[in-house]
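Chain by chain, the residues:
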Amino acid sequence: MSNLGHTIRREFPLFNDPANQGLVYLDNAATTQRPRQVVEAMQDFYYHDNANPHRGAYRLAERATQSYEDARDKVAGFIGAASSEEIIFTRNATEAVNLVAYAWADHVLQEGDDIIVTEMEHHSNLVPWQMLAQRHHASLRYVGFDGQGQLQLDQFDALLRLRPRIVAVTQVSNALGTINPVAEMIRRAHAAGAVVVLDGAQSVPHMAVNVTELDVDFLVFSGHKMLGPLGIGVLYAHKRLHSAMQPVLYGGDMISNVDYDHSDWNDMPWKFEAGTQNVAGAVGLAAAIDFLRDLGMDAVAEHDRLLTGYALEQLQQLDGITLYGPRRNHGPAISFNLTGIHPHDLATYLDQASIAVRSGHHCAQIVMKKLGLAATARASFYIYNTLEEVDRLIAGLNQAKDYFKKWL
Amino acid sequence: MALDQLYQEILLDHYKQPRNKGVLVDPNVRLELKNPFCGDEILLTLRVDDGVVTDVAFSGHGCVISQASASVMTEKIKGMTVQQVKQMAEQFSDLVKTGHAETVLREGGDDLDAFSGVCEFPTRVKCAMLAWRTLLQGLEHHEHQHHYLDDEKSRATD
Ligand SMILES: Cc1ncc(COP(=O)(O)O)c(C=O)c1O
């Protein structure tokens, strides 16, 4: 299994580029690299099937439409959706959360309602709810996390007693690496009458996520964090919510009939896809899904576990390291700090050794506030990373400690 | 190694023993800025009297580059006119982006020149500029306020 990284890497042209020789790419929580198959699928679309989908009455346009709708079917199948009309293409996870807020929540939320989020949300699954709460004079309430980065479910239960309208939670934290017990949380939220918006940006790329088994109401994720292209994301919306959802953007493709003084909307999901869509992006995402399915999501998750487990074990042995997040059942993003070295300086040092890690607040400033930090360093893994790369990271950290010793 | 060009000894000195660290008791310019990219924060307080910076202090937290830059800056600008400060800020910005210093900076001495290595690290330009951006914005607010007060005054005497 530890070989997965070695064999898979060959499929990723970026790693074979001499300019990136020796690159240890550990910022996969931000975006992943793309295999040849994904880029080729997009190229094939442009070279052979490109036309404006849903519009032309000629065969080429039919092929373009087919490519786009096939991609939608593939996404639906990948996350276990009951039907493809539950899949709305967006630009990214962020746009998908905003779409839930504008298309659905704006029409159901009432003054005084409660919205539950957690303290570990990415800004993308937080700020839209903050703004929604402001628009409707609703209350935004936070479920905290403990010293091990685990959500405090007793707080969650207490907040559910308020009978909130919405629960927005991430399945896997990009800042702490926590894997949240969302199946159980969804059950409890539903029992309290809430609708659940699940942020799958860090989970869908890394584990099998089945919306039907989870019985989740909305799920959002981004193609670019799962080997797919930039600029394509997904909103899954359970059928039971469709009648309460209204279009947000108006124009071409999203209508069924336009008259002088009124218009009628197209069916789901097209009424939420106004204007010409990112068909090549959807095609690329479908190819990424094929790639992941060929590997098997269980194998992907297993490879994550192997690298994360080994990295945690090695990191723990470093003098002066602080690890944030859970001790066990840790997702593939590891946040840490080395005493006396600002994470930004650390990242610059590691970059000189061709090791790409992230430093900063990881778009989770509430997490940083809670931890009393300005920033952390973060290493995050994916299928093409190897145990040797973890060793390179550890060696790099040791050298950084040595280099910055005089600064302490 | 390029890294040594970035982390020069002078920066180390300023990082370890920051000059003018703290908050002025009676400032007439006060501004807080963040670097949203990495979470660094700086609070700058100044006394500007008759167009001259008479006192300055900084507080906050951040990486070596942002902290050393703030320290060096406070040392340099004390006693300068606002006009001189602006010129220096512009040239410092050129320095960290291109590695080349103009005359004002060279007269300013080695401490500013020690930031010439930043240009090799484009992601760190923002760190080096944080204190200076705060300073310029603070001075701008101050000038607006002053114009406003002057206007008020002239109207009052009309
Ligand atoms: C947990 C989580 N949610 C949402 C997002 C937002 O994804 P995007 O920037 O692709 O919209 C990210 C990406 O950083 C994330 O890690």
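Predicted model, so just to flag it, every value in this text is computed and none were measured. (Residues numbered from 1 in each chain as written. Chains lettered and ligands numbered in written order. Predicted model: local features only at pLDDT ≥ 70, side-chain atom pairs only at ≥ 80, totals over all residues. Heavy atoms only, no water.)

**A word on the domain arrangement of chain A**
Residues and elements named next belong to chain A. Under the domain assignment used here, chain A contains domain 1 (4–26 + 296–407) and domain 2 (39–293). One C-alpha centre belongs to domain 1, the other to domain 2, and the line joining them spans 28 Å. At the interface, 33 residues of domain 1 touch 31 residues of domain 2. Both faces combined, the contact of domain 1 with domain 2 buries some 2500 Å², and carbon together with sulfur accounts for 62% of it. Applying the counting criterion to the domain 1 and domain 2 interface returns one salt bridge. Across the pair Lys370 and Glu119 runs a salt bridge, and its minimum N-O distance is 2.7 Å. For the pair domain 1 and domain 2, the interface holds 15 residue pairs in polar contact (both at pLDDT 80 or more). (Domains from an automatic or database assignment. Contact = heavy atoms within 4.5 Å. Buried area = accessible area lost by both parts, 1.4 Å probe. Salt bridge = Lys/Arg side-chain N within 4 Å of Asp/Glu carboxyl O. Polar contact = N/O pair within 3.5 Å; in protein donor to acceptor, adjacent residues only side chain to side chain.)

**Description of the side chain of His142(B)**
Mapped onto the elements of the fold, His142(B) is located in helix α7 (residues 125–157). Those residues in contact with His142(B), other than ones at most four positions away along the chain, are Asn28(B), Val29(B) and Val48(B). (Helix = DSSP H or I, 4+ residues; strand = E, 2+ residues; numbered from the N terminus.)

**Structural notes on the packing of aromatic side chains**
Scanning the entire structure with this criterion turns up 16 aromatic pairs over all chains. Centre to centre, the rings of Phe12(A) and Tyr384(A) are 4.8 Å apart; their planes meet at 70 degrees, and the pair counts as edge-to-face. Taken together, the residues span a long stretch of sequence, with Phe12(A) in the loop between α1 (4–9) and α2 (13–16) and Tyr384(A) in the loop between β15 (376–380) and α14 (387–404) at a distance of 372 residues. According to the relative accessible area criterion, Tyr384(A) is buried, its value standing at 0%. The interplanar angle of 25 degrees and the centroid separation of 5.1 Å between the aromatic rings of Phe92(B) and Trp132(B) together place this pair among those described as stacked. Remark: Trp132(B) occurs in helix α7 and Phe92(B) occurs in helix α4 (residues 82–98); sequence separation between them is 40 residues. Looking at Phe92(B), the relative accessible area reads 0%, which means it is buried. Grouping aromatic residues by their ring pairs yields a cluster made of Phe12(A), Phe15(A), Phe291(A), Tyr382(A) and Tyr384(A). Positioned above the aromatic ring of Phe15(A), the side-chain terminus of Arg9(A) is 4.3 Å from the ring centre. The residue whose ring lies beneath Lys406(A) is Tyr403(A), and the NZ or CZ to ring-centre distance is 4.9 Å. (Phe/Tyr/Trp six-rings, centres within 6.5 Å; stacked < 30°, edge-to-face > 60°. Buried < 20%, exposed > 50% of the residue type's maximum accessible area, 1.4 Å probe, protein only. Lys NZ or Arg CZ within 6 Å of the ring centre and 35° of its normal.)

**Describing the interface of chain A and chain B**
Size of an interface, as often reported, equals the accessible area lost when the parts are brought together. Of the residues lining the interface, 17 residues belong to chain A; the matching set on chain B comes to 26 residues. Carbon and sulfur atoms make up 58% of the surface buried where chain A meets chain B, a total of about 1800 Å² over both sides. Seen at the junction of chain A and chain B, the total is one salt bridge. Across the contact surface, chain A and chain B share ten residue pairs in polar contact (both at pLDDT 80 or more). At the level of secondary structure, the elements contributing two or more residues to the side of chain A that touches chain B comprise α12 (343–352), β14 (358–360) and α14 of chain A. With five residues, the single largest contributor to the side of chain A that touches chain B is α12(A).

**Observations concerning the sheet that holds strand β2 (residues 87–90) of chain A**
All names here are of chain A. Strand order in this open sheet of seven strands is β2-β8-β7-β6-β5-β3-β4, and the pairing throughout is mixed. Among the strands making up the open sheet, the edge pair consists of β2 and β4 (139–143). Along the sheet, successive strands turn relative to each other by an average axial angle of 20 degrees, direction set aside. Strand direction decides the pairing type here: strand β3 (residues 114–118) and β4, joined by five bridges, are parallel. Bridge assignment links Val117 to a residue of β4, and that residue is Tyr142. Contacts from helix α7 (residues 153–160) reach β3, β4 and β5 (166–170), with the element oriented near 155 degrees to β4. (Pairing = 2+ DSSP bridges. Axes fitted to C-alpha atoms, helices over the stretch in contact; angles between N-to-C directions.)

**Some details on the pairing of strand β1 (residues 29–35) of chain B**
Residues and elements named next belong to chain B. Of the two faces of β1, only one is covered, namely that formed by Val29, Leu31, Leu33 and Asn35; the face formed by Arg30, Glu32 and Lys34 stays uncovered. Across seven bridges, β1 lies against strand β2 (residues 40–49) in antiparallel orientation. Counted as the bridge partner of Arg30 is Thr45 from β2. The antiparallel pairing of β1 with β2 creates a hairpin that spans four residues between the two strands, and Gly39 there sits at a positive phi of about 85 degrees.

**Quick look at unusual backbone geometry**
Cis geometry marks the peptide bond from Met268(A) to Pro269(A), where omega comes out at -5 degrees. The topology assignment puts Pro269(A) in the loop between β10 (263–265) and α10 (279–295). A positive phi is found at Asn20(B), a non-glycine position, where the angle reads about 55 degrees. Tracing the chain through its elements places Asn20(B) in the loop between α2 (9–16) and β1. Taking relative accessible area as the criterion, Asn20(B) reaches 22% and is therefore assigned partly exposed.

**Focus: the sheet that holds β14(A)**
All names here are of chain A. In spatial order, the strands read β11-β12-β15-β14; together these four strands make up an open sheet with antiparallel pairing. Looking at strand neighbours, the two that pair on one side only are β11 (321–324) and β14, the edges of this open sheet. Averaged over all pairs of adjacent strands, the angle between their axes in this sheet comes to 30 degrees, without regard to strand direction. Pairing analysis gives three bridges linking β14 to β15, with the strands arranged antiparallel. The residue bridging Gly360 from the neighbouring strand is Thr376, located in β15. Across the sheet, helix α11 (residues 297–316) touches β11 and β12 (333–338), and the angle it forms with β11 is around 145 degrees.

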